[in-house]
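Structural description and commentary
So you can see what is in the structure, the chains are spelled out below.
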2 protein chains.
Amino acid sequence: MQTPLKIAVVGSGLVGSLLAIYLKRAGHTVHVFDRSEDIRKVRFSGRSINLAMSHRGWKTLDDLGLGDEIRQIAIPMEKRAIHLLGKPLTYQYYGKDGESIYSISRGVLNRKMIDLAEQEGVEFVFGTKVWDVDLPTATLHSGESERGEWQDHDYDIVFGADGAFSRIRHRMQRQSLFNYSQEFLNIGYKELNIPPNPDGTHKLNKNSLHIWPRQDFMLTALPNLDGSFTCTLFMPFEGENSFESLTDKESLEKFFAEHFPSTIEVIPELVEDFFKNPTSTLVTMKCYPWTYKDKVALIGDACHAIVPFYGHGMNAGFEDITILNQLIQEHGDDWSLIFKEYEKSRKPNTDAIAELSYRNFMEMSSKTADPKFLLQKKIEKHFSEKHPDKWIPLYSRVTFSYRPYSEALTIGDRQKAIMDDVMHMDNIEQIWDSPEIEAKILKMLSE
Amino acid sequence: MQTPLKIAVVGSGLVGSLLAIYLKRAGHTVHVFDRSEDIRKVRFSGRSINLAMSHRGWKTLDDLGLGDEIRQIAIPMEKRAIHLLGKPLTYQYYGKDGESIYSISRGVLNRKMIDLAEQEGVEFVFGTKVWDVDLPTATLHSGESERGEWQDHDYDIVFGADGAFSRIRHRMQRQSLFNYSQEFLNIGYKELNIPPNPDGTHKLNKNSLHIWPRQDFMLTALPNLDGSFTCTLFMPFEGENSFESLTDKESLEKFFAEHFPSTIEVIPELVEDFFKNPTSTLVTMKCYPWTYKDKVALIGDACHAIVPFYGHGMNAGFEDITILNQLIQEHGDDWSLIFKEYEKSRKPNTDAIAELSYRNFMEMSSKTADPKFLLQKKIEKHFSEKHPDKWIPLYSRVTFSYRPYSEALTIGDRQKAIMDDVMHMDNIEQIWDSPEIEAKILKMLSE
C-alpha cells in the first residue's frame, strides 16, 4: 500500500473508471469528475464503434479479478468475415486455437465499470465541467462555462483521463517544450445498426467481425449481446463515394444497392439512422511529456488517441494502467519517479500502435479484398504453425500478446520485407506451401 | 483596388506590419493590434537572433518600393566564416558573383516597419491583448487577462500574424478537422554580444556570417550596423555540453576557454550576458487549414514556425504576403477563393522550408567542420559553374531564387543522392575536378 492521498481522475470513461479502481485498491481517496451526466441514467449517443477487447485489455481487468464479470457481456470473435461484392463469404481467422478478440458495447461496458468502481468506494462527480488545472498544486477548476465563475478542487494528484480533447492536456500543452500533434483523417464514420432476428438470434455469423471492404471505404459490423450488430460505415468526407455525396434518401439507397447489396435486408433503418446519427471524425493525437512532476499525469486517449482500425484504443489505455500499477508496486510513494518511468515506458509503445492503427485502414478496406494478401496471410500462418518459435504474425503479436507494441512494429516491418520478397516469386500461388518457400523464409530470417 | 473593408491584423511583428502596408495600399482600413507596448518606445529584449534577409524577403519589400530604405540598415554577408578549433579561419561563399544574404537586427527592422506602416495610414493599437476571435463574424476579443472582462472589436477580416503561439490559431485549433503539431528541439539558444572596436569598426570580418561549429553545439555571429555582432549560442538543454551544465562563472569560462578560445577577447561581457539573457526554445509548428471562409487567415509564424538554421523564418513569412498579394490581384473581392488558394499554394512550401531548416542544424554545427563536406560543396560549385543550367546548389535554390521551397527540397534530395555517390568514389580528393567526375554527374543527372 502507498501512503493514502486524495486523487482526482478527470473523465469517467473506460480508462478513468478502471484507473480509479486501481487507485482505490492502492489505498487512496478517489474522485472521478465528468462533464457529462451519469451515463447509466441517459441514452448513449449513436456515435460509438464497438470495442474489441484483446489480451492487453483483459490482463488489466484480470489483475483486479474483474475479467470474468466483463466476459459475461462480451462476445468472442475468432475471425474476420469478409463480404466481397458478388462473391461468397470468406473467413479469415485472427489467431490459432480459437484465439479471439471480444466485441463489447462501449455503453454497456462503461456503465458496468462505473458500477464496479462505485462498489469499491470510488466517488463520482457527474455533470461537473473541469476547464483547467493548476499544475504545481493539482487544483482543478470547474464551472458551468469556460468564461464563467469557477470552483476550485484541491488534490494531491490529478489524472487526466478525459479523452482526445482533454482539458488537462490543454493546460500542459501551454508549457514550453511540450510536443503535440493532432492529425485528422479525411475519413469519417457513421454508426448504423443490424437488429436481431425476432427470436433474438443474430442475423449474421455471431462470432465474427464482419467487413465489407470496398477500397476507399468500408462497412464493419460487430455483434452485441441482444442479437444486434453495431455497424460502422467508414468513408471519405469528400469525393465521389463520400459522406458529402450522400445527401438524400435516393443517393443513399442507390449507393448501398450498388456497393453493399447484401446488407439491404439486414439494415432496415438505414435511411433513418444515416441521417439521424452524426458523422464523426478520426484523429491521431500524440504528445509528450505526459506528466508534470509528482502532480499531474495523462492517461489513455488524453495522451495517445489513435484511429480505430486495429481495435486497440481501449486496450492501449488499459495497458497504461497495467504499467502504471507495476511502477506503483515497484517504487511505492515516489510518484515523481513513477510518473517519469511511466511516460518513458509507454511513449514508444503508444507511438507504435498509433502507426500500426493508421496503416491498418489500408489492410481492412483494401487488402482483405485482395487474393494476394489472403494468400500471404495463408503462407504466414502455414510457416508460423510449423515454426511457432520463429514467426508470430504481426496481428497476433499486437493482439494476443503482452510484448511491447514497439517490438511488434519493428519485427512486423522485418516480416513484411521478407513476405514482399516471397510474394514476388514466380508462381507463388502454386508453391506457397512448398519446402522451397519454407527454406527461403528460414534463410531470410537467419540473415 | 478591392472594395474597401475594415481589416484587423493581430501582431505588429515584421510580417504583421508589412502585410498591413499591402492591405492599406489595396484600399482597406487597417488596424494592427499588439499585446506588447510600442517597441519603438521600449528596450528590445535580449532574445533575438539577427535576421538574414534574402531574395524572397527583398522581393516583398521591393514590390512596394521599400527595399532600398531597408537596405540602408542591412549588412551583406557573402560567405560563411568558419572558425575551427586550432585551425585557420576558412570562408565558404554562399553564392556566385557576390550573391549575399543580409544581416538585419530584428528590433531595428521592426521599428522601421512600424514607422513605414504608420506613414501609410495604418493604425496601431499597442498594449491590447487579443485573447480570442469569433471566426464566423471576425470579431476580436481583447482584455487585460484571459479570464477577465473582454472588449469586442468587429472587423470584416482578421489576419493572425501573432507568431508561433498565436491566439487566433488557438481558436482555429479547436475546430474539428484542424491538423496541428508543435515539436520542440532539445536545443536552446542564448544571445551574446561582440561589441564594436573603439573606432566603431567590426572586430571580425564584417561581411560574413561567423560560425564556430562544434558538432552538438555551435556559436554564430551576425554583424550589426554599429560595429557590433549579435552572437547566438545554440546548445542542448541537458547533457555534457549543455545549458544545464553551465551553472556558474567558473563552468562557463572553462567551457568557453576549451571550446571557443578565440572568442574570449571579443566577448568581454560573456558572464554577465550569459546569466542575464534568457535561454530560449526552438519550435517547429505546422497546422492546416490556415483560413476560415472569407473571414480569418493566419500568416507567418502563426501558421508555420520553423527553426532558424536556414535563416528563412522571416523570408517565408514575407513570401506569404507576396503570394497573398498576387492572389488579391488575380481574384479581386473573392476573399474565399483568395484564402483557399493562398493556403493551398503555401502549405507544401512552408512544410518544405520547415524540413530544410530542421536539417540545416546538422549542416551548420557538424558538417561545416568536416573536410569531406567542404570538398563536396567545392565539387558542386565547380560543376554548377560549368553547367549553370544543370545544377543550382540547394542553398542557392532556397536563398537566391523565387522558385517554390518544395521544388528546392525535391531537387535537393536528388542532388544529395548523386553527391553521396560521388563522395564515395576512391581518391575523390584527387580527382574532384576531373572530367571523370563531371561525366559521372552528367550521366546521373540524365537518368
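Procedures and definitions
Residues numbered from 1 in each chain as written. Chains lettered and ligands numbered in written order. Predicted model: local features only at pLDDT ≥ 70, side-chain atom pairs only at ≥ 80, totals over all residues. Heavy atoms only, no water. Contact = heavy atoms within 4.5 Å. Buried area = accessible area lost by both parts, 1.4 Å probe. Salt bridge = Lys/Arg side-chain N within 4 Å of Asp/Glu carboxyl O. Polar contact = N/O pair within 3.5 Å; in protein donor to acceptor, adjacent residues only side chain to side chain. Helix = DSSP H or I, 4+ residues; strand = E, 2+ residues; numbered from the N terminus. Nonpolar A, V, L, I, M, F, W, Y, C, P; charged D, E, K, R; others polar. Pairing = 2+ DSSP bridges. Buried < 20%, exposed > 50% of the residue type's maximum accessible area, 1.4 Å probe, protein only. Axes fitted to C-alpha atoms, helices over the stretch in contact; angles between N-to-C directions. Least-squares fit on C-alpha atoms with pLDDT ≥ 70 in both. Phe/Tyr/Trp six-rings, centres within 6.5 Å; stacked < 30°, edge-to-face > 60°. Domains from an automatic or database assignment.

Right, let's get into the interface of chain B and chain A. Taken together, the contact pairs 21 residues of chain B with 21 residues of chain A. Both faces combined, the contact of chain B with chain A buries some 1,800 Å², and carbon together with sulfur accounts for 40% of it. Linking chain B to chain A there are two salt bridges. Linking chain B with chain A are 15 residue pairs in polar contact (both at pLDDT 80 or more). Those elements that place two or more of their residues in the side of chain B that touches chain A are α5 (167–172) and β13 (179–184) of chain B. Of the residues belonging to the side of chain B that touches chain A, the class tally is seven nonpolar, eight polar and six charged. Sheet topology note: the strand β13 (residues 179–184) of chain A/β13 of chain B ladder contains three bridges and is antiparallel.

With that out of the way, let us pick up the pairing of strand β16 (residues 218–223) of chain A. Residues and elements named next belong to chain A. When you tally the buried positions in β16, you get six out of six residues, the bulk of the element. Residues Met 218, Thr 220 and Leu 222 point to one face of β16 and Leu 219, Ala 221 and Pro 223 to the other, with burial holding for every one of them. Pairing of strand β15 (residues 208–213) with β16 involves four bridges; the strand directions are antiparallel. From the neighbouring strand, Pro 213 faces β16, where its bridge partner is Met 218. In this antiparallel pair of consecutive strands, β15 and β16, the connection spans four residues, and Gln 215 shows a positive phi of 70°. The sheet contact formed by β16 and strand β17 (residues 229–236) spans six bridges and is antiparallel. Note that in β17 the partner of Thr 220 across the bridge is Thr 232. Here β16 folds back onto β17, and the loop between the two strands holds five residues, one of which, Gly 227, carries a positive phi near 95°.

This paragraph deals with the environment of Thr 60 of chain B. Residue and element names in this part refer to chain B. Position of Thr 60 among the secondary structure elements: in helix α2 (residues 55–62). Each C-alpha atom, one on Thr 60 and one on Asn 325, is 9.5 Å from the other, the two residues being 265 residues apart in sequence. Excluding residues within four positions of it along the chain, Thr 60 makes contact with Leu 18, Tyr 22, Phe 318, Glu 319, Ile 321 and Thr 322. One polar contact links the side chain of Thr 60 to the main-chain carbonyl oxygen of Phe 318, over a distance of 3.1 Å.

What links the strands of a sheet is backbone hydrogen bonding, and the strands pair in either a parallel or an antiparallel sense. Residues and elements named next belong to chain B. Taking strand neighbours across the sheet as the criterion, the three strands line up as β3-β7-β4 in an open arrangement whose pairing is antiparallel. Each of the sheet's edge strands pairs with one partner strand only, and the pair in question is β3 (51–53) and β4 (75–77). Each neighbouring strand pair of the sheet contributes to a mean axis angle of 40°, computed without reference to strand direction. Relative to strand β7 (residues 101–104), β3 runs antiparallel, the two sharing three bridges. The partner of Ala 52 across the bridge, within β7, is Ser 103.

What follows concerns the relation of the copies chain B and chain A. Copies of the same chain, two in number, are related to each other by a rotation about an axis and a translation along it. Once chain B is rotated about the relating axis by 180° and shifted along it by 0.0 Å, it coincides with chain A to within an RMSD of 0.0 Å. One copy is carried onto the other by what is essentially a two-fold rotation axis. Proximity to the rotation axis, assessed at the C-alpha, singles out Ser 181 of chain B in chain B; its C-alpha lies 1.9 Å from the axis.

We now examine the packing of aromatic side chains. All names here are of chain A. With the rule as written, the count across this model stands at 44 aromatic pairs over all chains. The interplanar angle of 70° and the centroid separation of 6.4 Å between the aromatic rings of Phe 159 and Trp 335 together place this pair among those described as edge-to-face. With Phe 159 in strand β12 (residues 157–160) and Trp 335 in helix α10 (residues 335–365), this pair connects stretches of sequence that are 176 residues apart. The pair formed by Phe 159 and Trp 335 is uniform in burial state, with each residue classed as buried.

We now examine the sheet that holds strand β2 (residues 29–33) of chain B. Residue and element names in this part refer to chain B. Pairing is mixed across the open sheet formed by six strands, whose spatial order is β8-β2-β1-β12-β20-β19. The open sheet has two edge strands with one neighbour each: β8 (123–125) and β19 (291–292). Relative to β8, β2 is paired through three bridges, and the arrangement is parallel. Each residue of the ladder has a partner; that of Phe 33, found in β8, is Val 125.

All names here are of chain A. Along its sequence, chain A is organised into domain 1 (6–74 + 100–179 + 284–360) and domain 2 (370–446). Distance from the C-alpha centre of domain 1 to the C-alpha centre of domain 2: 35 Å. On the side of domain 2, 14 residues touch domain 1, which itself brings 19 residues to the contact. Buried area between domain 1 and domain 2, summed over both chains or domains, comes out near 1,500 Å², and the portion from carbon and sulfur atoms is 61%. In terms of surface lost to domain 2, no three residues of domain 1 exceed His 55, Arg 56 and Tyr 310, which account for 39% of the buried area on that side. At the junction of domain 1 with domain 2, the criterion picks out one salt bridge. A salt bridge links Asp 413 to Arg 359, with the shortest nitrogen-to-oxygen separation between them at 2.8 Å. Counting across the domain 1 and domain 2 interface gives nine residue pairs in polar contact (both at pLDDT 80 or more). Secondary structure elements with two or more residues in the side of domain 1 that touches domain 2: α2 (55–62), α9 (313–331) and α10. Considering every element that reaches the side of domain 1 that touches domain 2, the biggest residue donor is α10, with eight residues. Its residues assigned to classes, the side of domain 1 that touches domain 2 shows seven nonpolar, six polar and six charged.

Another point: the environment of Val 296 of chain A. Structurally, the position occupied by Val 296 of chain A is in strand β20 (residues 296–298). Each C-alpha atom of the pair Val 296 of chain A and Phe 339 of chain A lies 8.6 Å from the other, and the pair is 43 residues apart in sequence.

Looking now at unusual backbone geometry. Residue and element names in this part refer to chain A. Cis geometry is adopted by the peptide bond preceding Pro 289, which originates at Tyr 288 and carries an omega value of 0°. Considering the arrangement of structural elements, one finds Pro 289 in the loop between β18 (283–288) and β19 (291–292). Backbone geometry at Lys 293 places phi at a positive 45°, although glycine is not the residue there. If you trace the backbone, Lys 293 turns up in the loop between β19 and β20. Judged by its relative accessible area of 57%, Lys 293 is exposed.

Bringing the pattern of salt bridges into the picture now. Per the stated rule, a full pass over the model turns up 63 salt bridges over all chains. Between Glu 146 of chain A and Arg 174 of chain B there is a salt bridge, with its nearest N and O atoms 2.8 Å apart. Of the two residues, Glu 146 of chain A is situated in the loop between β10 (139–142) and β11 (151–154) and Arg 174 of chain B in the loop between α5 and β13; the pairing between them involves two chains. With a shortest N-O distance of 3.9 Å, Lys 381 of chain A and Glu 385 of chain A are connected by a salt bridge. Linking Lys 381 of chain A with Glu 385 of chain A, this pair stays in helix α11 (residues 371–386), spanning four residues, or about one helical turn. A relative accessible area of 37% means that Lys 381 of chain A is categorised as partly exposed. Several salt bridges share partner residues, and in doing so they unite Asp 38, Arg 40, Lys 41, Asp 115 and Glu 118 of chain A into one network.

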